[in-house]
Amino acid sequence: MTTPPDLPHQVFRQAVEQSALAISITDAKANILYANPAFERVTGFSQAEVVGHNESLLSYKVTPRLVYETLWAQLKRQRAWNGLLVNRRRDGSRYLADLIITPVVDGDGHTSHYLGMHRDVTEVHRLERQVQNQKAMIESVVDAAQVAICLLDERDRVVLDNQEYKKLIGDLGREPASILLTHLREQMGSEFDAARARRRAIHHREVRVDRPGRLSGHPPRWFACAVSWFEEQDASAEAFYEPVRRHYLLLTAQDISELKRQQEAIRINSLSALLAEQERIQGLRETLAGAVFQLEGPLNTMTAAVRLLERRREGNGEESSDTAMEAALRDSRAALETLRACIPDQATEAIQPLNLNEVLRDVLKMSTAVLLGAGVIVEWNPAPELPTVPGGATQLAALFRQLLANAIEAMNEQRASDQNQERVVRLSTLPHPDHVEVILEDSGPGVPEEWRYKVFEPFFTTKGADRQHLGMGLSMAQETVARHGGLIDIDPAYRDGCRVRVQLPVGSSATAPDSAAPQPGYVAGSPDAARRNPGNHAGESK
Ligand code: FAD
């Protein structure tokens, strides 16, 4: 290499002298011929102390032999070598040297000298190692956590996850973060976007993941989710002077399915007890109301007869007197009123926001034994997200249990005539803008067209009144739906059995609780069910 004409030789020397890098020049055997002032600053050895010594005087004797062998093999090929060596200072302390050795080749192609340049990178290495250690430590802590953790970039791609999260991928079948975030967005609505826009953390949101299928198939999974956001500065060279910020979403999800199952078992037990009590009272109400209804007929006839006799007496000019017949009639009416007063009030129940998926699941759980006993297959298709409906939890559970019982009974009857007929109940929920729809289909015989409206009338039964079939089931179901401001309807187009649709409004249109509802005994004398609940259509009575 020739010196550029306008650059004097001493500039090269001065450049080396003043360089901030520790520079040394050796002969072909690595004996030091020259060392610059920075060399003294880094190593503690002055030029006078090192000249004539081999560079090996800097070795701390802990660098593996293989490193030196590689170094020299590279230099022998007249190639520069760069690497890290553990060096010893004059005071005996050690430091990590980032060294570049370049062979100096003479005009004959022989290596005449070596140029060594190094700097102390102990601190840089310490920091790098510290970052690596912390990263490894965080990763092991995150991996050991019993909570699924994942980090998503701005396009909702998972960039980091832990073992628990990986397990969830297998369990849920698709990207758990996508499922959980979809549920969270649907559950929180605009609140989620607001939290995201303000980078506000979302704490403990319970998310239920339902997997459609047969009743005994996949139980729902519950997760307690939390979301937080953080910003990261882009580490690329382009972003060195113009910082680019990246946003990440940190999602944690703790599986609380077991806890929920225990809570559910407790809830179902108390709901079963409540329903049993309600059914006992309901049975009493129906029996007494039936008795009142039955007695009203002859009593009305007797009243008419007494009026007729009275008018006749008046026509004959006889004086009106309190006959034994009238006294008997009065006593009978009093007895009837006493009987009517004995009809127990229905318990009042607080109206609360309800998720119908949960109500229906509870009903299915309570009916599992009956369904299995009847060999009924249940296909449960809940909408992934449902708005809540205001309602009485026990009343609505009783309503759907009644409809389910009707379906099972209808299919059981059909079994008697057709053993091979598959008994299937399909239960679905659908969200609509202003209401939630529950569809219950059974593969039973269906409802004949002529009974579609009559089946809702109190005491109407297709089975002949007996202790079990007073004909009040659907009438009471319709009362419950009406009390909640909803509609119950049989789909006339459904031909494969019976399809009952129940629509319950979202929002606060539900009316007063049960006590305000008409008593069955009073309903019995009223016009037909369709008139009491305009817009409603008949339901199935089985
Ligand atoms: P050595 O006995 O010196 O050598 C170990 C192995 O290296 C040998 O088995 C042999 O294969 C190979 N080797 C050694 N010398 C030669 C040679 N002249 N030709 C071919 N192969 C050879 N070492 C440091 O530890 N710290 C430094 O800062 C450092 N800076 C250097 C700067 C320059 C410019 C050069 C040329 C070398 C530098 N070395 C440095 C390497 C140093 O010369 C020694 O090779 C090294 O320190 C190992 O020394 P050692 O006494 O443990 O073993």
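The numbers attached to residues start from 1 for each chain and follow its sequence in the written order. Reporting of local features is limited, given that this is a predicted model, to residues whose pLDDT is at least 70; pairs of side-chain atoms are given and counted only at 80 or more, and all residues count toward the totals for whole chains, interfaces and linings. Hydrogen atoms and water are omitted, and side-chain values are computed over all heavy atoms in the structure.

**Q** Please explain the pairing of strand E4 (residues 94–105) as it appears in this structure.
**A** Note on strand geometry: in a regular strand, side chains alternate between the two faces of the sheet. One bridge is not enough; two strands pair if DSSP finds at least two bridges between them. Where helices and strands are cited, they refer to DSSP runs of H or I of at least four residues and of E of at least two residues respectively, numbered from the N terminus. Sheet topology places strand E3 (residues 81–88) next to E4; 8 bridges connect them, and they run antiparallel. Residue pairing for E4: Gly83 is matched across the bridge by Leu99. Where E3 folds back onto E4 in an antiparallel hairpin, the turn is made up of 5 residues, including Gly92, whose phi is positive at roughly 90°. In the sheet, E4 pairs with strand E5 (residues 111–120) via 9 bridges, with the strands oriented antiparallel. Paired with Ile101 across the bridge in E5 is Gly116.

**Q** Just to check I follow, could you spell out the confidence of the model for the chain for this structure?
**A** A low pLDDT means the predicted coordinates there should not be read in detail. The predictor attaches a confidence to each residue, and that confidence, scored 0 to 100, is pLDDT. The share of residues in the chain with pLDDT of 70 or more is 87%, and the mean pLDDT across the chain is 85. Contacts for the low-pLDDT stretch residues 509–542, under 50 throughout, to residues beyond four places or in other chains number 94 contacts. Here, two residues are considered to be in contact whenever any of their heavy atoms come within 4.5 Å of each other.

**Q** Where do I start with the sheet that holds strand E8 (residues 202–209) in this structure?
**A** As a general point, the strands of a sheet are linked pairwise by backbone hydrogen bonds and lie either parallel or antiparallel. Reading across from one edge, E7-E6-E11-E10-E8 is the order of the 5 strands in this open sheet, with antiparallel pairing throughout. The strands lining the two open edges of the sheet, one partner per strand, are strand E7 (158–161) and E8. Taken over all neighbouring pairs, the strand axes of this sheet differ in orientation by 30° on average, direction set aside. Only the stretch in contact is used when a helix axis is fitted, and all axes are lines through C-alpha atoms; the angle between N-to-C directions ranges over 0 to 180 degrees.

**Q** I would appreciate a short explanation of the sheet that holds strand E1 (residues 22–27) in the present structure.
**A** A sheet is described by the order of its strands in space; here 5 strands give the open sequence E2-E1-E5-E4-E3, paired in antiparallel fashion. Among the strands making up the open sheet, the edge pair consists of strand E2 (32–35) and E3. Direction aside, the axes of adjacent strands within the sheet are offset by 30° on average. The pairing of E1 with E5 spans 6 bridges and is classified as antiparallel. For Ala22, the partnering residue across the bridge sits in E5 and is His118.

**Q** Can you help me understand the site of the ligand in this one?
**A** Residues in contact with the ligand amount to 20 residues; listed here are only the nearest, Asn54, Arg65, Tyr68, Trp72 and Asn87. Pairs of N or O atoms within 3.5 Å make up the polar contacts considered here, provided that, within protein, one atom can donate a hydrogen while the other can accept it, and that residues adjacent in sequence are counted only when both atoms are side-chain atoms. The contact in question runs from a nitrogen atom of the ligand to an N or O atom on the side chain of Glu55, over 3.5 Å. The side chain of Asn87 places a nitrogen or oxygen atom 2.9 Å from a nitrogen atom of the ligand. Compared with its free state, where it exposes 910 Å², the ligand has 78% of that area covered by protein. Those elements that place two or more of their residues in the shell around the ligand are helix H4 (65–76), E3, E4 and E5. Under the scheme applied here, ten amino acids are nonpolar (Ala, Val, Leu, Ile, Met, Phe, Trp, Tyr, Cys and Pro), four are charged (Asp, Glu, Lys and Arg), and all others, including Gly, are polar. Here the residues of the shell around the ligand sort into 9 nonpolar, 6 polar and 5 charged. The criterion for a residue being near a molecule or strand is simple. One of its heavy atoms has to lie within 4 Å of it. Here, Shrake-Rupley sampling with a 1.4 Å probe gives the accessible areas, and only protein chains in the shown set may cover a residue.

**Q** How should helix H9 (residues 257–315) be read in this particular structure?
**A** For an α-helix, 3.6 residues make a turn, and residues three or four places apart therefore share a direction. In this analysis, the expected span of each helix is defined as 1.5 Å times one less than the number of residues it contains. Under the 1.5 Å per step criterion, the end-to-end length of H9 is 82 Å for 59 residues, consistent within 8% with the ideal 87 Å. We define the bend at any residue as the angle between the axes fitted to the seven residues before and including it, ending there, and the seven starting there. Maximal helix bending in H9 amounts to about 25°, located at Glu296; proline Pro298 follows within four positions. Residue Gly317 follows H9 closely and has a positive phi angle near 75°.

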